[in-house]
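Read off the chains here:
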Amino acid sequence: MDKIYEPKQNEEKIYKLWEESGFFNPDNLKNCKKKYVVMIPPPNVTGSLHMGHALDNTIQDLLIRFKRMQGFQTLWMPGTDHAGIATQNVVEKQLVKEGTNRHQLGREKFIERVWQWVKEYGGLIVSQLKLLGCSCDWSRQRFTLDEKYSQAVFEAFVNYWKKGYIYKGPRIVNWCPRCNSAISDLEVKYKPEKTKLWYIKYPYEDDSGYVTVATTRPETMLGDTAVAINPNDERYKNLLDKTIILPVVNRKIKFVADHKIDMTFGTGAVKITPAHDKVDWQIGKTNKLDIINVIGTDAKMTKEAGEDFEGLTTIEAREKIVKLLEQQGLLDKIEDYEHSIGYCDRCSTTIEPIISEQWFVRMDELIKPAIKAVKSGKVKVVPERYHDILINWMENIDDWCISRQLWWGHRIPVYYCSDCKSEAIVSQTKPNKCPHCDSNNIIQDEDTLDTWFSSALWPFAALGWPEKTKNLKEFYPTSFLTTAKDIIFLWVARMIFSSLEFMKEIPFETVYIHATVLNVEGRRMSKSLGTGIDPLELINKYGSDATRFGLMYMTNRDQQAIKFDEQTILACRNFINKLWNIARFIEMNIDNNANLPKTKIEPITLVDEWILSRLNEIISEVTKNIDNCEFGEAGHKIYDFVWHEFADWYLEISKTQVAEDATPEMKANTLVILKYLLKNILCLIHPFAPFVTETIYQNLKDKINLEKSENLLMIDRWPKIEKRFINEKIVSEFEKLKNIIAGIRNYRTTNKIENNKILNISIEDRDVLEYAKIINKLAKVNISSEVAEQTREEIEIENVKIKIRE
RNA sequence: GGGCGCAUAGCUCAGUUGGUUAGAGCGUUACAUUGACAUUGUAAAGGUCCGAGGUUCGAGUCCUCGUGCGCCCACCA
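The following paragraphs examine the structure supplied in this document. Remember, it's a predicted structure, so these values are computed and weren't measured experimentally.

### A word on the sheet that holds strand 6 (residues 181–183)
- Read from one edge of the open sheet, 4 strands run 6-5-14-16, paired in antiparallel fashion. Each of the sheet's edge strands pairs with one partner strand only, and the pair in question is strand 6 and strand 16 (400–401).
- Sheet topology places strand 14 (residues 352–361) next to strand 16; 2 bridges connect them, and they run antiparallel. From the neighbouring strand, F360 faces strand 16, where its bridge partner is C401.

### Topic: the protein's contact with RNA strand B
- In the neighbourhood of RNA strand B, 48 residues make up the surrounding shell, with D262, V279, Y337, N581 and W643 lying closest.
- Among atoms of RNA strand B positioned within 4 Å of the protein, sugar and phosphate together represent 69%.
- In this structure, N577 approaches RNA strand B through a side-chain N or O atom, which is 2.9 Å from a sugar or linking oxygen.
- Take R584: an N or O atom from its side chain is 2.7 Å from a sugar or linking oxygen of RNA strand B.
- Where the surface near RNA strand B is concerned, the elements lending two or more residues are strand 8 (210–215), strand 12 (269–272), strand 13 (331–344), helix 18 (566–592), helix 20 (631–657) and helix 23 (728–750).
- For the surface near RNA strand B, the leading source of residues is helix 18, giving 11 residues.

### Focus on the sheet that holds strand 12
- Across the sheet, 4 strands lie side by side as 10-11-9-12; this open sheet has mixed pairing. Every other strand in the sheet has two partners, leaving strand 10 (243–246) and strand 12 as the edge strands with one partner each. Mean inter-strand twist for the sheet, computed between neighbouring axes without regard to direction, equals 35°.
- Direction of pairing for strand 9 (residues 226–229) relative to strand 11 (residues 251–257): parallel, over a ladder of 4 bridges. Bridge pairing in strand 11 links V227 to F255.

### Some points on the side chain of R142
- Structurally, R142 can be placed in strand 4 (residues 142–143).
- A polar contact is formed between the side chain of R142 and the backbone oxygen of A462, at a distance of 3.1 Å.

### Quick notes on the packing of aromatic side chains
- Counted according to the given criterion, the structure contains 40 aromatic pairs.
- Taken together, a centroid distance of 5.6 Å and an interplanar angle of 40° make the contact between Y639 and W643 tilted. Of this pair, Y639 and W643 are both found in helix 20, 4 residues apart, which corresponds to roughly one turn of the helix. As far as the burial class goes, Y639 and W643 line up, both buried.
- Three or more aromatic residues link up through ring pairs in this structure, and these residues are F157, Y160, W161, Y165, W359, W400, F453, F460, W465, Y476, F497 and F502.
- Positioned above the aromatic ring of W18, the side-chain terminus of R65 is 4.1 Å from the ring centre.
- Its guanidinium or amino end placed over the ring of Y199, K333 lies 4.4 Å from that ring's centre, counting from NZ or CZ.

### Here we look at the layout of surface pockets
- As a volume, the second largest pocket reaches approximately 1,200 Å³.
- Lining the second largest pocket are 46 residues; nearest its centre among them are T216, R217, H276, D277 and H339.
- Contributions of two or more residues to the lining of the second largest pocket are made by strand 7 (188–203), strand 8, strand 12, helix 8 (278–286), helix 9 (314–327), strand 13 and strand 14.
- Split into classes, the residues belonging to the lining of the second largest pocket amount to 18 nonpolar, 16 polar and 12 charged.

What counts and what doesn't
The residue numbers shown here count from 1 along each chain, following its written sequence. Going through the entries in the order they are written, you letter the chains from A and number the ligands from 1. Residue-level local features of this predicted model are given only where pLDDT is at least 70; pairs of side-chain atoms are given and counted only at 80 or more, and the full residue set underlies all totals for whole chains, interfaces and linings. Only heavy atoms go into the side-chain values, all of them from the structure, while hydrogens and water stay out. One requirement defines pairing of two strands: DSSP has to find at least two bridges between them. Working definition: helices are DSSP H or I runs of at least four residues, strands are E runs of at least two. Numbering for both runs from the N terminus. Residues are counted as near a molecule or strand when any one of their heavy atoms sits within 4 Å of it. By the criterion applied in these results, polar contacts are pairs of N or O atoms within 3.5 Å in which, for protein atoms, one can donate a hydrogen and the other can accept it, and in which residues neighboring in sequence qualify only through two side-chain atoms. Think of each axis as a best-fit line through the C-alpha atoms, taken over the contacting stretch in the case of a helix, with angles from 0 to 180 degrees between the N-to-C directions. Each aromatic pair joins two rings of Phe, Tyr and Trp (for Trp, the six-membered one) with centres within 6.5 Å, and gets the label stacked for planes under 30 degrees apart, edge-to-face for over 60, and tilted for any other angle. Classification of residues uses two cut-offs on accessible area relative to the type maximum, computed with a 1.4 Å probe and protein chains only: under 20% is buried, over 50% is exposed, and between them is partly exposed. A ring has a charge above it when a Lys NZ or an Arg CZ is no more than 6 Å from the ring centre and no more than 35 degrees off the ring normal. A 1.4 Å probe that fits but cannot get out identifies a cavity on a 1 Å grid over protein atoms alone, an open set with protein on both sides within 12 Å along at least five of seven lines counts as a pocket, and a residue lines either if it has an atom within 4 Å of a point. Grid points are joined across faces, edges and corners, and a volume is the space filled by probe spheres set on the points. Here the term charged refers only to Asp, Glu, Lys and Arg, the term nonpolar to Ala, Val, Leu, Ile, Met, Phe, Trp, Tyr, Cys and Pro, and the term polar to all other amino acids, Gly among them.

Keep in mind these numbers describe shape, not what the thing actually does.
Here you go:
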């Protein structure tokens, strides 16, 4: 074994060894009593490993390896997501570079192009997960646009349709003019922006005055069809019957009363544009107002906006209208104002609320069992605080807009007859002819489904649903899911209700929402801002194990953010190396004493008993910590125990126990304990740092195993707690000895005693004298029990008098 | 507007049900180098536990208010 552990020389080799062993695949794990299943949050096929993935997947691999060693039949199901908008965007950008676009290419050719891209680059994230050491069952890997998976998606759609949950209709949606598609509420990100609040006078028809409305978007007034006030507002109570003349357009509009109106904002009177504002749309609906679309899908003013405005951008129209109002003396005042404007999560284009025909899933019925499952704790949410957040969202859920005007994705399985124009035909496959008129002039709906519609089915569709596959039967429901908090609603909630709908069963028992990895300044890691740290660089620099261990070391169960500090990874790299050298030291001692085979553990000395007790306490605590998602705590305990108890104390003291003057019995016993400790430590560390532990194990398995064991550490048994070794009294007694040694060391330093000088001291305490050999070695002293005649100084540690002689 | 989280050493964080002298890693300082490891060892310095009030024999820990930072949700015209 080399002096220093070199990750690069071992990681690839070891990963190959694991893969070839077949034990990532649960079918090859024999004699398992229970199952443990984790579905990977399928990364976007366009993705490249970032810090969030590194954390997310380290947690999953840690648990899978932990459970596998505990004898569970473990399945970690991998896959990638076709990621509608993201992937389409990537390929569209390529096309722009080539001087063309998707419309020139046409739908079919474009999709072909995307598939080509996926085949060429889609495997990147998977190869990166392997570098991280992920023990997924790659033989089961799925892609959300696989043929079989697509069938599941269509099955789900048809199912919802048959139950009356799916409807198509005009509704106000968040429209991204760049993507040329509707997006769901969850895909809109809001940013505060400084703007103006324009106060506009709307005159009454009878010339008796005017009502002033305040707006941030004067251009939308072209589509106004009412002015709303709060029914309790005294100021407007007697004006409700008045007819208003909408300036510029000169349309007659009326007052409506609605409780949604905040009397304290602006003038308490609000212009209502049902076609271009969500609230207005709702008010329009309850009051049966006309809808006038003045902004088109290209974010430009439409024909309905009038010929003076048609074709203008919203900003141009705004300027023109403000000018007109000013000329007509209808602009009351302009105030500075700050409010939030919505942007497309994918491309940061300003969202335009417009009315369009979209497909929706009615949520009121579907969500009920999901709420129940979470409330009852059948699905356990960790950390606890997300429980209420999730419930609250589910209880206030809106219908889900599932159609996207994209080409890359699952095309909506709805067909229309071009001849008889009868109602839509919903079918998993394209019908040969129209059931009404027998025409074979059938066309499919142009839209595709929201990517999250398919991801929502992941826990069971990836296992083969709707077919009753062996996989589905064996591995559903799953055990654990972990993900970032930003997709709790987008994904987690939707998996829960989809699973309850189609499987009549929860998708996972526990969902763990881990922290977000921020940089050390507490900012979001972002590629475009250059504030990110690339986990692959860390793996390259410090090794996969150090990266994993470091990430776990800084993760606390309930924390919401991790301020990522590279120093921790460095510290963990050193820890990995420490472990390596512990193994080297033990190997050296085994080799030096090859003539002393022994397999029974019989602690002789206090230190023996102490380390055995401590190890078993640590095993017990770490096991509990991991089961409770307390990965950081488990990591700290392992780190501290291995380095600062086992290496610093036991290993140092063991040197006296295997020294030449030690009895063969003492030597043999010490060796057994060293082997036992090393084996157990390797097991404990393996889920955190699989490569180095497996490397050491492959080097030393024949030397350190006390009983029959597996060829791979990966499938070896998780340490069993040996209660007989736990002894608190011994531990506190050893603590006393440690303190005495530390006290003498401290005396040496503060008195500037040269490092290589052996200090003569006397101790009369008989209990302490028993450990004279150890104290002599570790504190560089020479203890004598005789009463000292010449004493330079007397110190007292732990009630033990220590006389320092010349 | 509603909700959640955080604030402890120069930096990143632990601190369990309130209980002696508040801990760790990194960094800093001093000393140590041929037998596991300098990616090391030993020791040290370093803290008004954000502020104010309260409960208590006792508060980093519990309560109230405030300040600063971060996050989420919402129909902020």
